[in-house]
Amino acid sequence: MKFEELENVWAAQSASTTAPGDLTALKQSLMPEIKRRGRMLRYGIFVATFGLLVIPTLAVANYRYARPANPAWHWVDAAFWMVVNFTLLVLMIRELRRQRALLRRGADTVRALTVLSLASLEAEMKDFRRGLSVVPGLIAFQLLNLTMKFPVAEHGWSPFALRAGAILGFSLLISAVFWRHYHVNLKRDRTRQQEILRELS
């Protein structure tokens, strides 16, 4: 369910009363899941902001005290990661504002709370899909970065192969963890909440 569709679903929901015990129990089950996304977004905002501060500092320090063999590529590399971090920062701030707007609506019935949780969950799943989709591009850039900084003709295959293996191994490991969480946990939770909505229809 897209965030923009929440307004229509909210307006269409039944105004029937719900047993307080049922609503309380559901809140105890779903609210931690809803708030989890907010915590992850705040953590991501911190990491992106930290990157925007650290990357230029390290780039200037490395250029001054350990001058790279290819100065032009040194600044291209730094600029690329600045753009990545800035883009992530903007996206996560926007998503955090949407998440807070979603929570401010409140939920007074089981159906309303389930709609709220489902909208938050599907937004989180969208974040995971977006993140996994950029992994191949980031890996390709890192391999190009290695090629520029450690030309095989000058340094041989060992420095390149060792670093490339580390990049690929780490990236694939993190991607596998995210993929498993998406398919094992998030999809299961979405199915469960969709079933609750169908029962309440």
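Here's a quick rundown of the structure.

Each value, and the rule that gives it
- Residues numbered from 1 in each chain as written.
- Predicted model: local features only at pLDDT ≥ 70, side-chain atom pairs only at ≥ 80, totals over all residues.
- Heavy atoms only, no water.
- Patch = residues over 30% accessible without salt bridge, like charges linked within 9 Å, V, L, I, M, F, W, Y side chains within 5 Å.
- Areas by Shrake-Rupley, 256 points an atom, 1.4 Å probe, with all protein chains shown as cover.
- Salt bridge = Lys/Arg side-chain N within 4 Å of Asp/Glu carboxyl O.
- Helix = DSSP H or I, 4+ residues; strand = E, 2+ residues; numbered from the N terminus.
- Buried < 20%, exposed > 50% of the residue type's maximum accessible area, 1.4 Å probe, protein only.
- Expected span 1.5 Å × (residues − 1).
- Bend = angle between axes of the 7 residues up to and from the residue.

What follows is about a nonpolar patch on the surface. On the surface, Met40, Tyr43, Phe46, Val47 and Phe50 cluster together to form a nonpolar patch covering roughly 570 Å² of accessible area. Checked against the element boundaries, Tyr43 lands in helix α2 (residues 20-65). On the basis of relative accessibility, which here comes to 53%, the residue Tyr43 falls in the exposed class.

Here we come to helix α4 (residues 110-149). The end-to-end C-alpha distance of α4, which contains 40 residues, comes to 57 Å, matching closely the 58 Å that a straight helix rising 1.5 Å per residue would cover. At Val135, α4 shows its strongest bend, of approximately 30°, with the proline Pro136 following within four residues.

Mapped onto the elements of the fold, Leu118 is located in helix α4. The class of Leu118 is buried, set by a relative accessible area of 4%. Sequence separation between Leu118 and Asp189 is 71 residues, and the spatial gap between their C-alpha atoms is 8.6 Å.

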